[in-house]
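Structural overview
Each chain, letter by letter, is given below.
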Amino acid sequence: MTEEFHKVRRLPPYVFEEVNKKKAAARARGVDIIDLGMGNPDLPTPSFVVDKLCEAIRDPRTHRYSASKGIAGLRRAQAAYYERRFNVKLNPDTQVVATLGSKEGFANMAQAITAPGDVVLCPNPTYPIHAFGFLMAGGTIRSIPAKPDEDFLRAIDRAVRHSIPKPIAIILNYPSNPTAYEADLDFYREVVKFARENEIMILSDLAYSEIYFDGSPPPSVLEVPGAMDVTVEFTSMSKTFSMPGWRVGFAVGNERLIAALARVKSYLDYGAFTPIQVAATAALNAGDAAVEEVRSVYRHRRDVMVESFGRAGFEVPPPSSTMFAWTLIPERFRYMGSLEFSKLLIEKADVAVAPGIGFGEYGDDYVRIALVENEHRLRQAGRNIKRFLASGNDPVQKASLAGVAR
């Protein structure tokens, strides 16, 4: 039994694991690594949400199996949030399912709707589960541009005309992880029109809807008339309410697709622990001030990071949303690719970032920087990188100089 299992064999190497091993080895030597790699929020969950969890957990009735599609109060709270935030009306009984985070929701939706060989149109670069969920379900991924512009629209049109079989779904992710690209309603209107005309599903990841800084709040594709006919949208409480370990998210939208997801989930889980769902309900119903505070913290961190890294000679475009910056590797290191550059940063600057190749081959000239350390640590990261860039720690340059010396 030495051969890889079929579904495991279909997955590419998990490149983030190489960075994680490098971080772990450095920390074992006592090195203080400033970790800007994983998008793992360091902010505490709002205290009123924790209090509600503690209150609910003392009731022994909440210790029993829960509901895989989410308790009724939580689904109603999510529907109320969509009406308040996007002016989108949802039936909490038929158009809302609570998930164990948006990642689980995406993966199980892929299981629900994918037949072997089905083609799915997926942005590249993008969050890995968008592609891997369908690969594990037996589907085939066709890459399309990540930026929401005319190239994206032309690409999906070409894909429908030239793919055999015809694609079954288009994946959207705006604001985007890792690129922080944003889409507007005009773009969504074009995608919805195309999807309806070609009978293609839209799967929209809106996990960063509330982490925005400089402009109007990001819209939902479900705001477009007719989108409900073809769309399911996924959201998460991980970043919005600093609840990553709680694993609470949602899928909302088209009733047929939601029913398929709910049926698959009913075979696989009993939902999140009921006290967690009760606390999540409280967050959705009364957490607007807490969300604004989270947004303010990330805004300040973004500004500090952009300024500190810029002084170091590592220019970072300021993202207008998400908790990430997506930036080109400094030109003299670009030949290395993002994985080797990320490992070099750990070794020479004590700073960890996420290699862009982990989000797709078209991300290999980039790294993703997560705003998951406080402002003091971000400034320290900038100083470390400045020292590294000024030191001439370039393996090719060193090899060249060594050749001249010989």
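Rules used throughout
- Each chain has its residues counted from 1, following the order in which its sequence is written.
- Totals for whole chains, interfaces and linings use all residues, but because this is a predicted model, local features are given only for residues with pLDDT of at least 70 and pairs of side-chain atoms are given and counted only at 80 or more.
- Side-chain metrics rest on all non-hydrogen atoms present in the structure, leaving aside hydrogens and water.
- UniProt positions are given in the numbering used here, feature names are shortened, and annotations may be inferred rather than shown by experiment.
- The way it works is that DSSP assigns letters per residue, a run of H or I at least four long becomes a helix, a run of E at least two long becomes a strand, and they are numbered from the N terminus.
- Here the globule rule reads 2.2 Å times residues to the power 0.38, and the radius of gyration is calculated from C-alpha atoms.
- Residues are treated as being in contact if the distance between any of their heavy atoms lies within 4.5 Å.
- By the counting rule applied here, Lys and Arg register as positive and Asp and Glu as negative, while His and the ends of each chain are not counted.
- In this description, the location of a charge corresponds to atom NZ of lysine, CZ of arginine, CG of aspartate or CD of glutamate.
- One requirement defines pairing of two strands: DSSP has to find at least two bridges between them.
- Domain borders in the structure are assigned automatically or taken from a domain database.
- Defined in terms of a 1.4 Å probe, buried area is the accessible area two parts forfeit on being brought together, summed over both.
- Working definition of a nonpolar core: buried Ala, Val, Leu, Ile, Met, Phe, Trp, Tyr and Cys residues. They are joined through side-chain atoms within 4.5 Å.
- Note on classification: 1.4 Å probe, protein chains only; a residue is buried when its accessible area is under 20% of the maximum for its type, exposed when over 50%, partly exposed between these limits.
- Expected helix span is taken as 1.5 Å per residue step, with the number of steps being one fewer than the number of residues.
- Axis lines are fitted through C-alpha atoms, for helices just across the contact stretch, and the angle between N-to-C directions can take any value from 0 to 180 degrees.
- Comment on the angle field: the value is read as roughly parallel under 35 degrees, roughly antiparallel over 145, roughly perpendicular from 65 to 115, and oblique elsewhere.
- Gly is put with the polar residues, along with every residue not named as nonpolar or charged; the nonpolar set is Ala, Val, Leu, Ile, Met, Phe, Trp, Tyr, Cys and Pro, and the charged set is Asp, Glu, Lys and Arg.

The name given to the protein chain in an unreviewed UniProt entry is Aminotransferase, with the source organism recorded as Aureimonas pseudogalii. Word for word, the UniProt comment on the protein chain under Sequence similarities (unreviewed entry) is "Belongs to the class-I pyridoxal-phosphate-dependent aminotransferase family." Per its UniProt entry, the protein chain bears the Cofactor (unreviewed entry) comment "pyridoxal 5'-phosphate".

What follows concerns the overall build of the protein chain. When you go through the protein chain residue by residue, the secondary structure sums to 14 helices and twelve strands. Taking 22 Å as the expected radius of gyration for a compact globule of 406 residues, we find that the protein chain reaches 22 Å, a close match to that expectation. Each principal axis of the C-alpha atoms in the protein chain carries an extent, and together these give about 75 × 55 × 55 Å. Of the contacts made within the protein chain by residues no fewer than 6 positions apart, 76% connect residues no fewer than 24 positions apart. Positive and negative side-chain charges of the protein chain, numbering 50 and 48 respectively, have mean locations separated by a distance of 4 Å.

Within a sheet, each strand pairs with its neighbour through backbone hydrogen bonds, oriented either parallel or antiparallel. Pairing is antiparallel across the open sheet formed by three strands, whose spatial order is β9-β12-β11. Since the sheet does not close on itself, it has two edges, and those belong to β9 (324-328) and β11 (354-355), each with one partner. Two elements, β11 and strand β12 (residues 366-370), share two bridges in a ladder whose sense is antiparallel. Residue P355 lies in a different strand from β12, and its bridge partner there is V367.

This paragraph deals with the domain arrangement of the protein chain. Taken domain by domain, the protein chain consists of domain 1 (6-44 + 289-404) and domain 2 (47-287). Using C-alpha coordinates to define each centre, domain 1 is positioned 27 Å away from domain 2. Residue-level contacts link 32 residues of domain 1 with 33 residues of domain 2. In this assembly, domain 1 packs against domain 2 so that about 2,900 Å² is buried in total across both faces, 60% of it on carbon and sulfur atoms. Among the residues of domain 1 in contact with domain 2, R10, R295 and T322 are the three that bury the most area, contributing 20% of the side total.

Moving on, we get to the nonpolar core. Membership of the largest hydrophobic core comes to 53 residues, with the highest contact counts inside it found for Y82, F152, I170, L172, F187, M237 and F250. Not counting residues up to four positions away in its chain, the partners in contact with F250 are L74, Q78, V96, V97, A98, T99, E233, F234, T235, M237 and L284.

Mapped onto this numbering, the UniProt entry gives "domain: Aminotransferase class I/classII large" (unreviewed entry) at residues 32-371. The distance separating the terminal C-alpha atoms of residues 32-371 is 17 Å; by composition the span is 41% helix and 16% strand.

For the peptide bond that leads from I164 to P165, omega is 0°, which places it in the cis range. Following the sequence through the fold, P165 ends up in the loop between α7 (150-162) and β5 (169-173). Along the chain, Y174 connects to P175 via a cis peptide bond; the corresponding omega equals -5°. By the secondary structure assignment, P175 is in the loop between β5 and α8 (185-198).

Within the secondary structure, Q95 sits in the loop between α4 (72-86) and β2 (96-99). Apart from the residues lying within four places of it in its own chain, the contact partners of Q95 are K89, L90, M228, A251, V252, G253, E255 and I258.

For an α-helix, 3.6 residues make a turn, and residues three or four places apart therefore share a direction. Taking 1.5 Å per residue, 15 residues should reach 21 Å; α4 reaches 21 Å between its end C-alpha atoms and fits that length. Where α4 is concerned, the buried positions are L74, R75, A77, Q78, A79, Y81, Y82 and F86. With its phi angle positive at about 60°, N87 sits one or two positions after the end of α4.

On to the side chain of S342, then. Examined against the element boundaries, S342 turns out to sit in helix α12 (residues 338-349). For S342, a relative accessible area of 0% gives the class buried.

This next bit is on α12. In this model α12 runs 15 Å from its N-terminal to its C-terminal C-alpha over twelve residues, within 8% of the 16 Å that 1.5 Å per residue would give. Burial within α12 is extensive, with nine of its twelve residues counted as buried. All of the buried residues along α12 are S338, L339, F341, S342, K343, L344, L345, I346 and A349. The first or second residue beyond α12 is D350, which carries a positive phi of 60°.

Strand order in the open sheet made by the seven strands is β2-β8-β7-β6-β5-β3-β4, with mixed pairing throughout. The strands lining the two open edges of the sheet, one partner per strand, are β2 and β4 (140-145). For this sheet, the mean inter-axis angle between neighbouring strands, taken without regard to orientation, is 20°. In this sheet, β5 lies alongside strand β3 (residues 119-124) in parallel orientation, the contact comprising two bridges. Paired with V120 across the two strands is A169, which belongs to β5. Along the sheet face, α8 touches β5 and β6 (201-205) and points at about 165° away from the line of β5.

It is the contact of helix α5 (residues 101-113) with helix α9 (residues 255-268), at a shortest axis distance of 9 Å, that shows an interaxial angle of 100°. As judged from the angle between their axes, α5 and α9 are roughly perpendicular. Here E104, G105, N108, M109, Q111, A112 and I113 of α5 lie close against α9, whose contacting residues are L257, A260, L261, V264, K265 and L268. Along the lines of polarity and charge, the residues of the contact of α5 with α9 split into eight nonpolar, three polar and two charged.

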